[in-house]
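Structure assessment
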Amino acid sequence: MDVLGLKKRGQGLRSWIRVDASGNSQVIEVDKFTMMRRCDLPARDLRLLDPLFVYPSTILGREKAIVINLEQIRCIITADEVLLLNSLDSYVLQYVVELQRRLTTSGVGEVWQSDAADLSLRRGGRSFDNVFGSTSPDYLPFEFRALEVALEAACTFLDSQAAELEIEAYPLLDELTSKISTLNLERVRRLKSRLVALTRRVQKVRDEIEQLMDDDGDMAEMYLTEKKKRMETSFYGDQSVMGYRSTDGASISAPVSPVSSPPEARKLEKSLSIARSRYESMRSSESVTESIEELEMLLEAYFVVIDSTLNKLTSLKEYIDDTEDFINIQLDNVRNQLIQFELLLTTATFVVAIFGVVAGIFDPVAIKK
């Protein structure tokens, strides 16, 4: 019974790869409820990261975390760390390596070019840098860097699959136009089903990025570093005010006399506090606007990339449709020829039948004579 109890209690433990803001990584074992308390997330958000279920691509901005489910990349991004489900998939390991490299490399506006040793795990001969060649400036917050690498990984994976599908599709379609057979038709049918499935996945990622760009509130919610700084500032401000009140015994024990605090001084203090609060609110709104612009530019860059992949798939689908129309035209031509041949046979049969009837009519007359 004890063994069964230990087994039940251990069922919720999962292996996570933790990458902090300095680029250090470690593998930790955390259960579901601890992860919910650690990142302040509901259970339904963690369910999106479950590898046993297939969910569409999703990017969710929460109070203290960003939940990302993009193809193989399923992670939780906070202001201090990235928690990624431990996996042996090459794109997951490549994401960790690329994120560590970008966090440990310094230089504003530097082009990130990976070494062959760092990105040896590749699929189809493609990597992050040789596909995009983008820059990752240092002034971006930690959560935006992690989000950028996740978007880059998803776009790279989908673009590589689209390229593989193109390489396989065009020769097969050309072969089908020259030789219509059951085998070629079956291969094209399978190819078209793969194309439809991949198009749906690419369209979902594109729609998710577009939805984020259209909603300023969601983008402001994803600025975790700024929210953390505000919380810390308000916390330390409250601590300092409480400490000041505790040390100032006269302000707590005895009422303030009109002589010590004249009305003009109280009015001046009140106006200064209002001006200070307005200035802080203006600064916070300006910082949120700037962060929205930064995130919007980042999302726009990868929206263009994923839209280009979608255009490739759309062009391939149009080519398949054109090939199907050409095949249908050929089949209609063959069908018309068969109909013409059948009509000729019917006409010939009718003429022969007429001659037979005429011969049958004149044969008894000839016999009588």
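By the naming in an unreviewed UniProt entry, the chain goes by Magnesium transporter and is assigned to Castanea mollissima. Its UniProt record gives the chain the following Function (unreviewed entry) comment, quoted word for word: "Magnesium transporter that may mediate the influx of magnesium." Of the comments in the UniProt record for the chain, the one headed Sequence similarities (unreviewed entry) reads "Belongs to the CorA metal ion transporter (MIT) (TC 1.A.35.5) family."

1. Things to note about the overall build of the chain
Helix and strand content of the chain: eleven helices and six strands. Counting only residues that meet the buried cut, the chain has 34% of its 369 residues in that class. Just so you have it, the chain exposes about 22400 Å², and 58% of that area is on carbon and sulfur atoms.

2. Digging into the packing of helix α4 (residues 90–104) against helix α6 (residues 142–178)
Here α4 crosses α6 at 140°, and the two axes come no closer than 10 Å. Relative to α6, the element α4 lies oblique. With respect to the hand of their crossing, α4 and α6 are arranged in right-handed fashion. Only Phe142, Arg145, Ala146, Glu148, Val149, Ala150, Glu152, Ala153, Thr156, Phe157 and Ser160 of α6 make contact with α4, whose side of the interface consists of Tyr91, Tyr95, Glu98, Leu99, Arg102 and Leu103. Of the residues in the contact of α4 with α6, the class split is ten nonpolar, two polar and five charged.

3. Describing the pattern of salt bridges
Within the structure shown, the criterion is met by 25 salt bridges. Glu71 is the salt-bridge partner of Arg201, the closest N and O atoms lying 2.8 Å from each other. In this pair, Arg201 sits in helix α7 (residues 182–214) while Glu71 sits in the loop between β4 (66–70) and β5 (73–77), placing the two residues 130 residues apart along the sequence. For Glu71, a relative accessible area of 16% puts it in the buried group. Of the charged contacts in the structure, one is a salt bridge between Arg101 and Glu98, with a shortest N-O distance of 2.7 Å. Residue Arg101 and its partner Glu98 are both found in helix α4; the two are separated by three residues, about one turn of the helix. Exposure remark for Glu98: the relative accessible area of 0% places this residue in the buried category. Within the structure, one salt-bridge network assembled from shared partners comprises Glu98, Arg101, Arg102, Glu148 and Glu152.

4. Thoughts on a nonpolar patch on the surface
Side chains of Phe350, Val351, Ile354, Phe355, Val357, Val358, Ile361 and Phe362 sit close together on the surface and give an oily, nonpolar patch of about 810 Å² of accessible area. Within the fold, Ile354 resides in helix α11 (residues 263–368).

5. Some remarks on the nonpolar core
Core analysis: the largest hydrophobic core is formed by 62 residues, its most contacted members being Ile77, Val82 and Tyr95. Of all the secondary-structure elements, those providing two or more residues to this core are β1 (14–20), β4, β5, β6 (81–85), α4, α6, α7 and α11. No other element matches the 18 residues that α6 contributes to this core. Among residues more than four places away in sequence, those in contact with Val82 are Ile17, Arg18, Val19, Cys75, Ile76, Ile77, Tyr95, Leu99, Phe142 and Ala146. Membership of the second largest hydrophobic core comes to 16 residues, among which are Met35, Val67, Leu83 and Leu85.

6. Regarding the UniProt feature "transmembrane region" (unreviewed entry) in the chain
The UniProt record annotates "transmembrane region" (unreviewed entry) at residues 343–362. Between the C-alpha atoms that bound residues 343–362 there is a distance of 29 Å. The span itself is 100% helix and 0% strand.

7. Side note on the environment of Thr314
Mapped onto the elements of the fold, Thr314 is located in helix α11. When its relative accessible area of 34% is taken as the criterion, Thr314 is described as partly exposed. Put simply, Thr314 and Leu195 are 119 residues apart on the chain and 9.2 Å apart in space, counted from C-alpha to C-alpha. One polar contact links the side chain of Thr314 to the main-chain carbonyl oxygen of Leu310, over a distance of 2.8 Å.

8. Looking at α4
Residues spaced three or four apart along an α-helix face the same direction, because each turn holds 3.6 residues. Over its 15 residues, α4 extends 21 Å from the first C-alpha to the last, a length consistent with the 21 Å expected when each residue adds 1.5 Å. Where burial is concerned, most of α4 is hidden: eleven out of the 15 residues are buried. What α4 keeps buried is the set Ser90, Tyr91, Val92, Gln94, Tyr95, Val96, Glu98, Leu99, Arg101, Arg102 and Leu103.

9. Things to note about the environment of Ile68
Positionally, Ile68 belongs in strand β4. In this structure the C-alpha to C-alpha distance between Ile68 and Asp45, which are 23 residues apart in sequence, comes to 9.4 Å. With near-sequence residues (within four places) excluded, Ile68 lies in contact with Leu49, Thr58, Ile73, Arg74, Cys75, Ile77, Leu147 and Ala150.

10. Points about the sheet that holds β5
Within a sheet, adjacent strands bond to each other through the backbone by hydrogen bonds, running parallel or antiparallel. Read across the open sheet, the six strands follow the order β2-β1-β6-β5-β4-β3; overall the sheet is antiparallel. Each edge of the sheet is formed by a strand with only one pairing partner; in this case those strands are β2 (25–30) and β3 (58–61). Across the sheet, the mean angle from the axis of one strand to that of its neighbour is 20°, orientation sign disregarded. Where β1 meets β6, five bridges bridge the pair, whose relative direction is antiparallel. Directly across from Asp20, in β6, lies its bridge partner Glu81. Along the sheet, α6 contacts β1, β3, β4, β5 and β6; its crossing angle with β4, the most-contacted strand, is approximately 10°.

Reading the values: rules and limits
Residues take numbers from 1 onward in each chain, read along the sequence in its written order. Given that the model is predicted, a residue must reach a pLDDT of at least 70 before its local features are reported, and side-chain atom pairs must reach 80 or more before they are shown or counted; all residues, however, enter totals for whole chains, interfaces and linings. The basis for every side-chain value is the complete set of heavy atoms in the structure, and neither hydrogens nor water enter the calculation. UniProt positions are given in the numbering used here, feature names are shortened, and annotations may be inferred rather than shown by experiment. The helix and strand labels rest on DSSP assignments: H or I over at least four residues marks a helix, E over at least two residues marks a strand, and numbering proceeds from the N terminus. Buried means the residue's accessible area, taken with a 1.4 Å probe over protein chains only, is under 20% of the maximum for its type, while exposed means over 50%, and partly exposed covers the values in between. Methods summary: accessible areas were calculated by the Shrake-Rupley approach with a probe of 1.4 Å, and residue burial reflects only the protein chains presented. Think of each axis as a best-fit line through the C-alpha atoms, taken over the contacting stretch in the case of a helix, with angles from 0 to 180 degrees between the N-to-C directions. Orientation categories follow fixed angle ranges, with anything under 35 degrees roughly parallel, anything over 145 roughly antiparallel, 65 to 115 roughly perpendicular, and all other angles oblique. Take the far helix as the reference: if the near one is turned anticlockwise from it by less than a right angle, the crossing is left-handed, and if turned clockwise, right-handed. Contacts: residue pairs with any heavy atoms within 4.5 Å of one another. Note on residue categories: nonpolar means Ala, Val, Leu, Ile, Met, Phe, Trp, Tyr, Cys or Pro, charged means Asp, Glu, Lys or Arg, and polar means any other residue, Gly included. Criterion for a salt bridge: a side-chain nitrogen of Lys or Arg within 4 Å of a carboxyl oxygen of Asp or Glu. Within the patch definition used here, like charges are joined within 9 Å and nonpolar side chains (Val, Leu, Ile, Met, Phe, Trp, Tyr) within 5 Å, considering only residues with over 30% relative accessible area and no salt bridge. What is meant by a nonpolar core is a set of buried Ala, Val, Leu, Ile, Met, Phe, Trp, Tyr and Cys residues, joined one to another through side-chain atoms within 4.5 Å. Counting of polar contacts relies on pairs of N or O atoms within 3.5 Å, with two restrictions inside protein: one atom must be capable of donating a hydrogen and the other of accepting it, and residues adjacent in sequence are counted only when both atoms are side-chain atoms. One less than the residue count of a helix, multiplied by 1.5 Å, gives the span that helix is expected to have. Strand pairing requires that DSSP identify at least two bridges connecting the strands.

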